[in-house]
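Coordinate analysis (summary)
One-letter residues, chain by chain:
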Amino acid sequence: MQIPEPLARSVRDARHVVALTGAGISAESGLPTFREAQTGLWARYRPEDLATPEAFARDPALVWNWYAWRRSLVRAAEPNAAHYALVRLAQHAARLTLITQNVDGLHRRAGSADVIELHGDVMRTKCSREGTVVNAVDAHPSDDALEAPPRCPRCGAYLRPDVVWFGEALPSASLETASEAAARCDVFLSIGTSGIVFPAASLLPLALESGAAVVVVNPEPQPGTDHERAWHLQASATEALPALVEAAWQGRGQV
Ligand code: BV8
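Here is a short report on the structure shown in this document. Predicted model only: the values in this text are computed from it and were never measured.

Definitions and cut-offs
- Residues numbered from 1 in each chain as written.
- Predicted model: local features only at pLDDT ≥ 70, side-chain atom pairs only at ≥ 80, totals over all residues.
- Heavy atoms only, no water.
- Helix = DSSP H or I, 4+ residues; strand = E, 2+ residues; numbered from the N terminus.
- Rg over C-alpha atoms; globule rule 2.2 N^0.38 Å.
- Buried < 20%, exposed > 50% of the residue type's maximum accessible area, 1.4 Å probe, protein only.
- Contact = heavy atoms within 4.5 Å.
- Lys, Arg positive; Asp, Glu negative; His and termini not counted.
- Charge placed at Lys NZ, Arg CZ, Asp CG, Glu CD.
- Near = heavy atom within 4 Å.
- Polar contact = N/O pair within 3.5 Å; in protein donor to acceptor, adjacent residues only side chain to side chain.
- Areas by Shrake-Rupley, 256 points an atom, 1.4 Å probe, with all protein chains shown as cover.
- Salt bridge = Lys/Arg side-chain N within 4 Å of Asp/Glu carboxyl O.
- Axes fitted to C-alpha atoms, helices over the stretch in contact; angles between N-to-C directions.
- Parallel < 35°, antiparallel > 145°, perpendicular 65-115°, else oblique.
- Pairing = 2+ DSSP bridges.
- Expected span 1.5 Å × (residues − 1).
- Phe/Tyr/Trp six-rings, centres within 6.5 Å; stacked < 30°, edge-to-face > 60°.
- Lys NZ or Arg CZ within 6 Å of the ring centre and 35° of its normal.

Time to look at the overall build of the chain. A count of helices and strands for the chain gives eleven helices and eight strands. Taken over the C-alpha trace, the chain has a radius of gyration of 19 Å; the compact-globule value for 255 residues is 18 Å, and the two agree within 12%. Projected onto its principal axes, the C-alpha positions of the chain cover 55 × 30 × 30 Å. Relative to its full complement of 255 residues, the chain shows a buried share of 49%. Considering only intrachain contacts with a sequence separation of at least 6, the fraction spanning at least 24 residues in the chain is 68%. Here the chain holds 23 positive side-chain charges and 29 negative ones, and the gap between their average locations is 4 Å.

Taken together, 34 residues are adjacent to the ligand, and Arg-35, Tyr-67, Arg-70, Val-164 and Ser-194 come closest. Between the ligand and Thr-193, the relevant distance is 2.7 Å, taken from an oxygen atom to a side-chain nitrogen or oxygen of the residue. Within the contact set of the ligand, an oxygen atom lies 2.6 Å away from a side-chain nitrogen or oxygen of Ser-194. Protein chains bury 74% of the 1,500 Å² of accessible surface belonging to the ligand in isolation. Per element, the largest residue contribution to the shell around the ligand is three residues, and it comes from helix 2 (residues 23–27).

What follows covers the pattern of salt bridges. Applying the stated criterion across every chain, the model contains 15 salt bridges. Here Arg-108 makes a salt bridge to Glu-117, at a shortest N to O gap of 2.8 Å. In this structure Glu-117 comes out as buried when scored by relative accessible area, which is 15%. Residues Lys-126 and Asp-162 are paired through a salt bridge, measuring 3.6 Å at the closest nitrogen-oxygen approach. Taken together, the positions of Lys-126 in strand 4 (residues 120–127) and Asp-162 in strand 5 (residues 159–163) put the pair 36 residues apart, joining distant regions of the chain. Both residues of the pair, Lys-126 and Asp-162, count as buried. Put simply, Arg-108, Glu-117, Asp-121, Arg-124, Lys-126 and Asp-162 are held in one network by salt bridges that share partners.

The contact between helix 1 (residues 5–13) and helix 11 (residues 237–249) brings their axes to 8 Å, and the two run at 80°. As summarised for this structure, helix 1 and helix 11 are arranged roughly perpendicular, according to the angle between their axes. From helix 1, Leu-7, Ala-8, Val-11 and Arg-12 reach across to helix 11, where they touch Leu-244, Ala-247, Ala-248 and Trp-249.

A few words on the sheet that holds strand 8 (residues 230–233). Two modes of strand pairing occur in sheets, parallel and antiparallel, and in both the strands are linked by backbone hydrogen bonds. The parallel open sheet is built from six strands, whose spatial order is 3-2-1-6-7-8. Either end of the sheet is taken by a strand with one partner, and the two such strands are strand 3 (116–117) and strand 8. Bridging between strand 2 (residues 96–100) and strand 3 involves two bridges; their strand directions are parallel. The residue of strand 3 that forms the bridge with Ile-99 is Ile-116.

Further remarks concern helix 11. With 13 residues, helix 11 extends 18 Å between its outermost C-alpha atoms, agreeing within 8% with the 18 Å of an ideal straight helix rising 1.5 Å per residue. On its buried face, helix 11 is in contact with helix 1, helix 2, helix 6 (81–92), strand 6 (187–191), strand 7 (213–217) and strand 8.

Let us now look at the packing of aromatic side chains. With the rule as written, the count across this model stands at four aromatic pairs. When the ring of Phe-56 is compared with that of Trp-165, the centres are 5.4 Å apart and the planes differ by 40°; the resulting orientation is tilted. With a gap of 109 residues between them, Phe-56 in helix 4 (residues 53–58) and Trp-165 in the loop between strand 5 and helix 9 (172–184) connect regions that are remote in the sequence. Summarising the burial analysis for this pair, Phe-56 and Trp-165 share the class buried. Note on Tyr-67 and Trp-165: the rings are 6.3 Å apart at their centroids and 45° apart in plane angle, and the pair reads as tilted. Note that Tyr-67 is positioned in helix 5 (residues 60–76) and Trp-165 in the loop between strand 5 and helix 9, a separation of 98 residues in sequence. For Tyr-67, a relative accessible area of 2% corresponds to the buried category. Connected via pairs of aromatic rings, a cluster forms that spans Phe-56, Trp-66, Tyr-67, Tyr-158 and Trp-165. The positively charged end of Arg-70 is found above the aromatic ring belonging to Trp-66, 4.7 Å away from the centroid.

Keep in mind these numbers describe shape, not what the thing actually does.
What follows is the structure, given as structure tokens:
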């Protein structure tokens, strides 16, 4: 994929790069995005209708089993060339802040450090009453469907995935760090996200208003990429990100 030289130079010369990733970066690892229809048993549900406290209160087994299915997909998935390109970008850029909306842990498994996981981690489990992390998932090696979620060993309340559901607040420290980075960076990479879910979706406009150059990596047309400081790499993340890192630092050591 051809990367315009002015874009490669902006990334190379940036003092601070922010990368915000969404479900699209993990699509090529085999994990369905939120916009895609879900498969099999889950095809008749909308994620927005299952990823809520109300859905869990109404039918805790259904919600627990949906996440058990998603954990089984995550266990079978591997990071892809786009995740690894961001590991290399962090090695070459003056500074990279990596923020993800994904709950699949693939950035950490690829070797990225200090990942800001705005929406939590589907492999982590917490008490639905106390909020304390209780990794019963490891106590349940299989992701088989259960009649009811496991219960907290301390208080007996149901356990739930340690993810941020719709209607729940994001971890304030993570959101604050992400917002500060978006407001101060020189280049903001938006990778594989539809920009529908807030407050994560407010980070790109914040970066643009703060004077950063914005690079959208998405095979679909994206609103707002006609701005004079916006670039749209209309390709998959596994095609665009390795090409961007290679173009920015080609011939400057291992990329
Ligand atoms: C909150 C974890 C308040 C769970 C998720 C304004 C301000 C604040 C809130 C709101 C607001 N407006 C509306 C809201 C409410 C709501 C919201 O945003 N609703 C949407 C539907 C309109 N927001 C919330 O509820 C948030 N909470 O604000 O609480 C509050 C404050 C104080 C006190 C109490 C409450 C919480 C939002 C977090 C929800 N949790 N995930 C789980 O995963 O089960 S969100 C979940 O959906 C994902 O994490 C992700 O963030 C989102 C899906 O978005 P994407 O990642 O973008 O994925 P998507 O499928 O949409 O797009 C994929 C893209 O990739 C596509 O564009 C596609 O073209 C592209 N693509 C495909 N293949 C590739 C590719 N790109 C590159 N390469 C490829 N190969």
